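Survey of secondary and tertiary structure
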Amino acid sequence: MHLKGCGGGGCLRAQITSAMSSAAGPDLAEAPEERCFLRSWAGLSCGCSSSGPTMSTAEAAALERELLEDYRFGRQQLVEWCGHASAVAVTKVFPLPAHSRKQRTVLVVCGPEQNGAVGLVCARHLRVFEYEPTIFYPTRSLDPLHRDLTTQCEKMDIPFLSYLPTEVQLINNAYRLVVDAVLGPGVEPGKVGGPCMRALATLKLLSIPLVSLDIPSGWDPETGGDAEDGLRPDVLVSLAAPKQCAGRFSGRHHFVAGRFVPDDVRRKFALRLPGYTGTDCIAAL
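Now for a description of the structure that goes with this document. Quick caveat, the model's predicted, so the values are computed rather than measured.

Quick word on the pairing of strand 3 (residues 132-136)
The side chains of a regular strand alternate, first on one face of the sheet and then on the other. Counting buried positions along strand 3 gives 5 out of 5 residues, so the element sits mostly inside the fold. Pairing analysis gives 5 bridges linking strand 2 (residues 105-110) to strand 3, with the strands arranged parallel. Of the residues in strand 3, the one forming a bridge with Val-109 is Phe-136. For the crossover that starts at strand 2, traverses helix 4 (residues 114-128) and ends in the parallel strand 3, the hand is right-handed. Strand direction decides the pairing type here: strand 3 and strand 5 (residues 160-161), joined by 2 bridges, are parallel. Residue pairing for strand 5: Ile-135 is matched across the bridge by Phe-160.

Next up, the structure:
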């Protein structure tokens, strides 16, 4: 949804959104129609001292089969749960102010893999929660799920940027925070294409808060490689359970969004996740 009026940063955001939305369209990346969401959970672990032992790749694959085959959950269900929980985490840390329009603006940067799908859902829920999201999705997947989620965002008048300014101050002035949904576990940075890598280079230079979904994009999910020179998010939302690299996270807020994992599956895989309060879908670590 484009901003109305020209109050301060809102006017700037409207101007750069209009300019960037009218530029050449994003790249398209082919993706298999069937791409398992949970396959990216290989190397799943709980990086916090209060959590259970690390899940091996084999255990993560077994958990995938449990949810997708035994429980008959679908990819779209899992993506929806994770995206909704990610949006809720944003609202916990950055609650809507009473008056300031600038405080409602969120830039969601999405990649072509599963984390990008979660980012699209997150943006849609932020719009429902009365935030003002804008999406930068430079390399679009041809996967039907990604296309459906993109259509939903477009139908809800969420603007898509065609390019990201290299002048970072324009982004700092236009948005309250940025959601990093570019890469996830198991996605090698070099395989997502130049536009996504250039976006990550820009995100490293921002001074506004950064929220990373599952893992900070570019980090090794197990060792946390590139944690020193890579993205330094203020907020991390771990999906299902924290990955090993979460032990190197030094930001202000860490949430886990794993309430959808059934109790018997948690016990089977020794996932000692935190307790959730009331009807909350996330828990602070």
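Examining the packing of aromatic side chains
Tallying each qualifying case throughout the model produces 3 aromatic pairs. The interplanar angle of 15° and the centroid separation of 5.7 Å between the aromatic rings of Tyr-71 and Phe-73 together place this pair among those described as stacked. In this structure Tyr-71 comes out as partly exposed when scored by relative accessible area, which is 30%. Seen in terms of ring centroids, Trp-81 and Phe-260 are 5.6 Å apart; in terms of plane orientation they differ by 20°. Their pairing is stacked.

Notes on the nonpolar core
In terms of nonpolar packing, the biggest core is built from 55 residues, with Leu-120, Ile-135, Val-179, Val-211, Val-237 and Ile-282 touching the most fellow members. Looking at this core, the element that brings in the most residues is helix 3 (residues 75-93), giving 9 residues. Those residues in contact with Leu-120 that lie beyond four places of it in its chain are Cys-110, Ile-135, Tyr-137, His-146, Leu-149, Thr-150, Cys-153 and Phe-160. Membership of the second largest hydrophobic core comes to 21 residues, among which are Leu-161, Val-182, Leu-203 and Leu-206.

Definitions and limits used
- Residues numbered from 1 in each chain as written.
- Predicted model: local features only at pLDDT ≥ 70, side-chain atom pairs only at ≥ 80, totals over all residues.
- Heavy atoms only, no water.
- Buried < 20%, exposed > 50% of the residue type's maximum accessible area, 1.4 Å probe, protein only.
- Helix = DSSP H or I, 4+ residues; strand = E, 2+ residues; numbered from the N terminus.
- Pairing = 2+ DSSP bridges.
- Right-handed = clockwise from strand over helix to strand, strands pointing away.
- Phe/Tyr/Trp six-rings, centres within 6.5 Å; stacked < 30°, edge-to-face > 60°.
- Core = buried A, V, L, I, M, F, W, Y, C linked by side-chain atoms within 4.5 Å.
- Contact = heavy atoms within 4.5 Å.

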